[in-house]
Amino acid sequence: MKNKSKRILGIILFIFLNLMILTLFYNNSNPTLAMQHYQEVNFSTGFVTASALNVRQGPGTNFKIIDKVYKNTYIRVFAKIGNWYVVQLDNDTIGAVSSDYVRPIYPSTGNGGASEDNSGQENQNLTEEEKKVLYLINQERTKNGLSALKIDDEVQNVARTKALDMVKNNYFSHNSPTYGTPFEMLKHFGVSYKTAGENIAGNSKAESAVTAWMNSEGHRKNILNSSYDYTGIGIANSPKYGKIYVQMFIKK
């Protein structure tokens with residue numbers, strides 16, 4: 001079912017892009033110029049920098065405004081036509097926005113080269129699923145006026161180890177039979193910190209895991225804790241839960 005939905009979205013996007021190009025052809029009376037406007041992009045998520053950004057039916061100010069997105073919002077970016085990005089919003093609206101007010105965030109593939117998260121730090125060593133969790137967590141923090149969390153490589157290693165340990169030893173708890181509490185585990189791996197916290201979840205996808213955290217008072221407090229500035233995210237396949245998600249937070 002999921003693959004079928006992706007195929008349908010792909011077909012819709014293909015038609016949409018080609019309609020845009022045809023419109024440019026008629027506007028410019030030059031098919032070669034129109035085709036040159038279309039470019040692939042090497043990232044999949046953009047960060048809105050304008051206070052309010054118009055989403056239009058096509059790549060130009062002559063197209064009708066169909067929606068708006070606001071500062072610090074994340075949008076999915078498919079392609080670029082001239083000075084416009086083809087984007088998809090959280091409500092599934094597909095349109096075009098000026099590229100002047102969208103900052104590239106994540107690469108479209110895991111080996112697409114260096115990229116920056118919304119804190120400007122490179123996260124090319126994260127898996128796509130880990131990037132998704134980071135994106136969703138930082139989106140929640142941004143909505144609440146907080147700074148984005150940055151990935152700490154040492155904490156990242158601990159979070160991944162904890163996720164694998166939970167699956168291997170078949171437990172669901174903050175206390176590991178192998179490493180002890182999250183605080184003991186961080187110290188065991190030589191991580192220095194002033195304060196720390198941990199969220200864990202068993203779920204089939206990143207969106208559901210983060211939603212569950214945000215609906216839980218204790219987990220939500222960790223996510224929206226203004227004292228935390230670094231994080232690590234570990235995900236492991238689980239025969240019981242689908243996937244185990246571990247996010248560790250620290251203040252250096």
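Each value, and the rule that gives it
One numbering rule holds for all chains: residues counted from 1, following each sequence as written. Reporting of local features is limited, given that this is a predicted model, to residues whose pLDDT is at least 70; pairs of side-chain atoms are given and counted only at 80 or more, and all residues count toward the totals for whole chains, interfaces and linings. Remark: hydrogens and water are excluded; side-chain values derive from all non-hydrogen atoms of the structure. Each axis is a line fitted through C-alpha atoms, taken for helices only over the stretch in contact, and angles between the N-to-C directions span 0 to 180 degrees. Runs of H or I in DSSP of at least four residues are treated as helices and runs of E of at least two as strands, each being numbered from the N terminus. Take the far helix as your reference; a near helix turned counterclockwise from it by less than a right angle gives a left-handed crossing, and one turned clockwise gives a right-handed crossing. Whether two residues are in contact is decided by their heavy atoms, any of which lying within 4.5 Å being enough. Three categories are distinguished: nonpolar for Ala, Val, Leu, Ile, Met, Phe, Trp, Tyr, Cys and Pro, charged for Asp, Glu, Lys and Arg, and polar for the others, with Gly belonging to the last. To estimate how far a helix should reach, multiply one less than its number of residues by 1.5 Å. Working definition: with a 1.4 Å probe on protein chains only, accessible area under 20% of the residue-type maximum means buried, over 50% means exposed, and in between means partly exposed. To form a nonpolar core, buried Ala, Val, Leu, Ile, Met, Phe, Trp, Tyr and Cys residues must be joined to one another through side-chain atoms within 4.5 Å. Distance and chemistry together define a polar contact, namely a pair of N or O atoms within 3.5 Å, with one atom able to donate a hydrogen and the other to accept it when in protein, and with adjacent residues in sequence counting only for side-chain atoms on both sides.

**Comments concerning the packing of helix α3 (residues 128–143) against helix α6 (residues 206–214)**
At a minimum axis distance of 9 Å, the contact between α3 and α6 shows a crossing angle of 35°. Relative to α6, α3 is oriented so that their crossing is right-handed. Residue-level contacts link Glu129, Lys132, Val133, Leu136, Ile137 and Glu140 of α3 to Ala206, Glu207, Val210, Trp213 and Met214 of α6. Classifying every residue of the contact of α3 with α6 by side-chain character gives seven nonpolar, no polar and four charged.

**Here we look at α3**
Helix length check: α3 (16 residues) gives 22 Å between terminal C-alpha atoms against 22 Å at 1.5 Å per residue, within 8%. Within α3, twelve of the 16 residues are buried, which leaves the element mostly enclosed by the surrounding structure. All of the buried residues along α3 are Glu130, Lys131, Val133, Leu134, Tyr135, Leu136, Ile137, Asn138, Gln139, Glu140, Arg141 and Thr142.

**Quick notes on the nonpolar core**
Counting 23 residues, the largest nonpolar core has Val133, Ile137, Val210, Trp213, Ile223 and Tyr245 as the members making the most contacts within it. Mapped by element, the contributors of at least two residues to this core are α3, α6 and β12 (242–251). When neighbours within four sequence positions are excluded, Ile137 is seen to be in contact with Leu149, Val210, Trp213, Ile223 and Gln247. One finds Val155, Val158, Ala196 and Met248 within the second-largest nonpolar core, a separate group that totals 17 residues.

**Structural notes on helix α4 (residues 153–168)**
With 16 residues, α4 should cover 22 Å at 1.5 Å per step; its first-to-last C-alpha distance of 22 Å lies within 8% of that length. Along α4, the positions that sit buried rather than exposed are Val155, Gln156, Val158, Ala159, Thr161, Lys162, Ala163, Asp165 and Met166. In this structure, the buried side of α4 is in contact with α3, β9 (150–151), α5 (182–188), β10 (195–203), β11 (230–238) and β12. Where α4 starts, the residue carrying a side-chain oxygen 3.0 Å from the main-chain nitrogen of Glu154 turns out to be Asp152. Of the residues flanking the end of α4, it is Asn170, one or two places downstream, whose phi is positive at about 50°.

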